[in-house]
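A closer look at the structure
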Amino acid sequence: MESVQKYALWEPWRSWMKNKYDVLVIGGGPAGAIAAKTAAEKGLSACLVEKRPAIGAPVRCAEGIGKEALHEFIDPDPCWISAEMTGASIVAPDGFLMKLESHLAGNKVGYILDRKIFDRELVWKAAEAGADIAVKTRASAPIMENGYVKGATIESCGNVMNVTADVVIAADGVESKFSRWCGIDTTVPLREIMSSVQYVMADINIDEHSTVFYLGNEVAPEGYLWVFPKGERCANVGIGISGKKSGQGHRAKDYLDRFVKKTFPQGKPIEYIAGGVSVCRPLACTAADGLLIAGDAARVVDPLTGGGIYNGMYTGRLAAEVAAECIAKGNVSKDALMIYDKTWREAKMGKSIERNYHIKEYLIKQPDAKLNEIIHSVSKINLTEFTTLSLIKEIIRVNPKLMLELGVLAASIR
């Protein structure tokens, strides 16, 4: 391991960034921000590094989150709430609209965030708690010692230094290079990467308090298309399709452009976003000697909806809590840190991911005729609360034969 003294450092950077922390967090998204904040609140020295020059940008997210899920971590602030959702609609392949009115959805569906401001708010709170923050700063390699992750080589604007830590929390998104460098297999099968494209569109006619999901193999093969309001006459209009369905002339952008031309011919795209979302099972193991993996890097995105904000914050907080306990005991081995992996898998979130993975696998195999049948059958459902689980339960209730098709999974859902 090269000594940090061999590197030329930008002096202002050296003045506040230490060579040693209790916890080093890689990535400044919701998972990393909550991890750094929690670690600092636990009395640990913590540093968060983010490779991009600005927190929250570019946005690679549809920006939706359930109200109760958000309230678990932070009180909503109008400055980063773009819209409040009280209803939702699903459009079948044949164009039939299943609308969940606000009174059926329990008046608590969710929020559409402004992630550029929301993510910064989370990082500000981490800084206020005492964590050091470094942007345009990337972890270029792990520091390894006797099989343990002991920190990372950090680069910023051509300057390099080694930063050691008792525990590193990798929250560096779906690419998760750091975990791979540490020897973790982070491969996602092509068919389980959603190729996603989104426009922020202005001057379009929408219900500004209702999300809309479009299904069908002609609209979004093995995926879905969404319209998430961002305020009056403005919305995130995006699509995610299976990576194996993407190709020349039938990329995600091709499907989205056809939809926009037909549905919002006068709309004005003011932002373009592209990226990938993993809809696979989580990593086989999210802990190693001196290392915890959280958020998208751990593949804890909901495989059915593609939502990952809550799951990222949940695993980020849990990772920091476990790190604090293990550091206090002087044991950051994989065996000690595995309580993190075990806890989130056995929690409601972990069980939901496993359940929704099977549901996703079932739905993507269905022809449009089957999807039409299912959506028509539940067009008049009365939900006391609007969640993915409550919707699936109702679908099974009115389609008893799905019990056979879903097998053992359906029994567990009920």
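Details of the structure are given in the entry above.
Residues numbered from 1 in each chain as written. Predicted model: local features only at pLDDT ≥ 70, side-chain atom pairs only at ≥ 80, totals over all residues. Heavy atoms only, no water.

**Some details on the nonpolar core**
We apply this condition: Buried Ala, Val, Leu, Ile, Met, Phe, Trp, Tyr and Cys residues form a nonpolar core when they are joined through side-chain atoms within 4.5 Å. Three exposure classes are used, based on accessible area relative to the maximum for each residue type with a 1.4 Å probe and protein chains only: buried under 20%, partly exposed in between, and exposed over 50%. Under the DSSP-based scheme used, a helix requires at least four consecutive residues in state H or I and a strand at least two consecutive residues in state E, with every element numbered from the N terminus. Note on definitions: a residue-residue contact is assigned when non-hydrogen atoms from the two residues lie within 4.5 Å.
If you look at the biggest cluster of nonpolar residues, it comprises 82 residues, and the most contacted ones within it are Leu24, Ile169, Phe178 and Leu291. At eleven residues, the largest contribution of residues to this core is made by helix H7 (residues 309-329). Beyond its immediate chain neighbours, meaning those up to four positions away, Leu291 contacts Val149, Val168, Ala170, Phe178, Cys182, Ile184, Thr286 and Leu337. Core analysis: the next-biggest nonpolar cluster, separate from the first, contains 20 residues, Met201, Tyr214, Ile239 and Ile241 among them.

**Focus on the pairing of strand S11 (residues 159-170)**
To keep things clear, this is the line we draw: At least two DSSP bridges between two strands are required for those strands to pair.
Here S11 lies mainly inside the structure; ten of its twelve residues are buried. Sheet topology places strand S1 (residues 20-26) next to S11; six bridges connect them, and they run parallel. Within S11, the position partnered with Ile26 by the bridge is Ala170. Across six bridges, strand S10 (residues 148-156) lies against S11 in antiparallel orientation. The residue bridging Thr153 from the neighbouring strand is Asn162, located in S11.

**As for the sheet that holds strand S13 (residues 210-214)**
Operational definition: Only C-alpha atoms enter the line fits that serve as axes; for helices the fit covers just the stretch in contact. Angles between N-to-C directions range over 0 to 180 degrees.
An order of S6-S5-S13-S14-S15-S12-S16 is seen for the seven strands of this open sheet, with the pairing classed as mixed. Edge positions in the sheet fall to strand S6 (97-100) and strand S16 (268-278), since each of these pairs with one other strand and no more. Within this sheet the neighbouring strands show an average axis-to-axis angle of 15°, counted without direction. Inspection of the sheet shows strand S14 (residues 224-231) paired to strand S15 (residues 234-242) by seven bridges, in the antiparallel sense. Its bridge partner lying in S15, Trp226 is registered against Gly238.

**Things to note about the side chain of Asp302**
Quick note on the threshold: The convention is simple: Lys and Arg are positive, Asp and Glu are negative, and His and the chain ends are not counted. A pairing counts as a salt bridge when a side-chain nitrogen of Lys or Arg comes within 4 Å of a carboxyl oxygen of Asp or Glu. We define a polar contact as two N or O atoms separated by no more than 3.5 Å, with the added condition that, inside protein, one atom must be a possible hydrogen donor and the other a possible acceptor, whereas residues neighbouring each other in sequence contribute only through side-chain atom pairs.
Residue position: Asp302 is located in the loop between strand S18 (291-293) and H7. Buried within the structure, Asp302 lacks any salt-bridge partner; Arg355 is the closest side chain of opposite charge, at an N-O distance of 6.1 Å. In terms of polar contacts, Asp302 uses its side chain to reach the side chain of Asn356, at 2.8 Å. Ignoring anything within four residues of it in the chain, the contact list for Asp302 reads Gly307, Asn311, Ser352 and Asn356.

**As for the environment of Glu145**
The topology assignment puts Glu145 in strand S9 (residues 138-145). When the C-alpha positions of Glu145 and Asp289 are compared, they lie 10.0 Å apart, and in sequence the two are 144 residues distant.

**Section: the sheet that holds strand S3 (residues 64-65)**
Strand pairing in a sheet relies on backbone hydrogen bonds. The paired strands run either parallel or antiparallel. An order of S3-S7-S4 is seen for the three strands of this open sheet, with the pairing classed as antiparallel. Of all the strands in the sheet, the pair left with one neighbour each is S3 and strand S4 (81-85). With two bridges joining them, S3 and strand S7 (residues 110-113) adopt antiparallel strand pairing. Note on S7: the bridge partner recorded for Gly64 is Ile112.

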